[in-house]
Amino acid sequence: MLQRVGIIFQEPKGTRKKQESCSSKKFFAYEPQALGVFGFDTTTELDDAFFKNPKVVTHAVQYISMLSKAVNLLGPDIEVVNSILHNLGQKHRDSYGVKASFYPPMGKALVETLEELIGPKRFTAKVKESWVECFQAMSYEMVQSSGSRRHSC
């Protein structure tokens, strides 16, 4: 499974920028309540100007970068990844007001974006299944408050 997940971050130059942009567009369309985390209200128009806003661009870049780093640490370093994700989740919840309900639409947006950008020949059903499972495990770690239960990816 790790190989199927990791292959996505070895794509040709330019794919990452598309991942950032498309994933953000899908996420905010699925979860308009998340606009409040960035200081926008839910009636904000999701137009090109919105997606060029520095807050939105910065988050998109950081999100895809974090995923890439987490994927690179999977396997023998899973406890390190889990600890990082747990701390990141606490920060997002406590400092930014991110709700646990935001994670499923974020995962859906990510998987759909990867599927569109990579295409069906490379983003097979097995790769999709691996990404869904991995994102669920990572988001689980981010929403946990105790950190006592661990899932592996």
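For the structure itself, look to the data block above.
As a starting point, this report considers the structure included with it. (Residues numbered from 1 in each chain as written. Predicted model: local features only at pLDDT ≥ 70, side-chain atom pairs only at ≥ 80, totals over all residues. Heavy atoms only, no water.)

Here we come to the packing of aromatic side chains. If you walk through the whole model with that rule in mind, you get 6 aromatic pairs. Pairing phenylalanine 28 with phenylalanine 38 gives two aromatic rings, centres 5.4 Å apart and planes at 80 degrees, and the pair type is edge-to-face. Taken as a pair, phenylalanine 28 in helix H2 (residues 15-30) and phenylalanine 38 in the loop between H2 and helix H3 (48-51) lie far apart in primary sequence, 10 residues in all. With relative accessibility at 13%, the residue phenylalanine 38 sits in the buried group. Aromatic pair phenylalanine 50 and phenylalanine 51: ring centres 4.9 Å apart, planes at 85 degrees, arrangement edge-to-face. The class for phenylalanine 50 is buried, based on a relative accessible area of 5%. (Phe/Tyr/Trp six-rings, centres within 6.5 Å; stacked < 30°, edge-to-face > 60°. Helix = DSSP H or I, 4+ residues; strand = E, 2+ residues; numbered from the N terminus. Buried < 20%, exposed > 50% of the residue type's maximum accessible area, 1.4 Å probe, protein only.)

On to the nonpolar core, then. One finds Phe27, Phe28, Tyr63, Leu67, Leu110, Phe123 and Trp131 to be the most contacted residues of the largest nonpolar core, which totals 34 residues. Counting residues per element, the ones that place at least two in this core are H2, H3, helix H4 (54-73), helix H5 (78-96), helix H6 (103-118) and helix H7 (125-143). Setting aside its immediate chain neighbours within four residues, tyrosine 63 contacts Ser23, Met106, Leu110 and Phe135. (Core = buried A, V, L, I, M, F, W, Y, C linked by side-chain atoms within 4.5 Å. Contact = heavy atoms within 4.5 Å.)

Moving on, we get to the pattern of salt bridges. Taken as a whole and judged by the stated rule, the model has 4 salt bridges. Linking lysine 26 and glutamate 112 is a salt bridge whose minimum nitrogen-to-oxygen distance equals 3.8 Å. Note that lysine 26 is positioned in helix H2 and glutamate 112 in helix H6, a separation of 86 residues in sequence. Of the charged contacts in the structure, one is a salt bridge between glutamate 116 and lysine 26, with a shortest N-O distance of 2.7 Å. Placement of the pair is glutamate 116 in helix H6 and lysine 26 in helix H2, with a sequence separation of 90 residues. Take glutamate 116: its relative accessible area is 52%, and that puts it in the exposed class. One continuous salt-bridge network, built from bridges that share partners, spans Lys26, Glu112 and Glu116. (Salt bridge = Lys/Arg side-chain N within 4 Å of Asp/Glu carboxyl O.)

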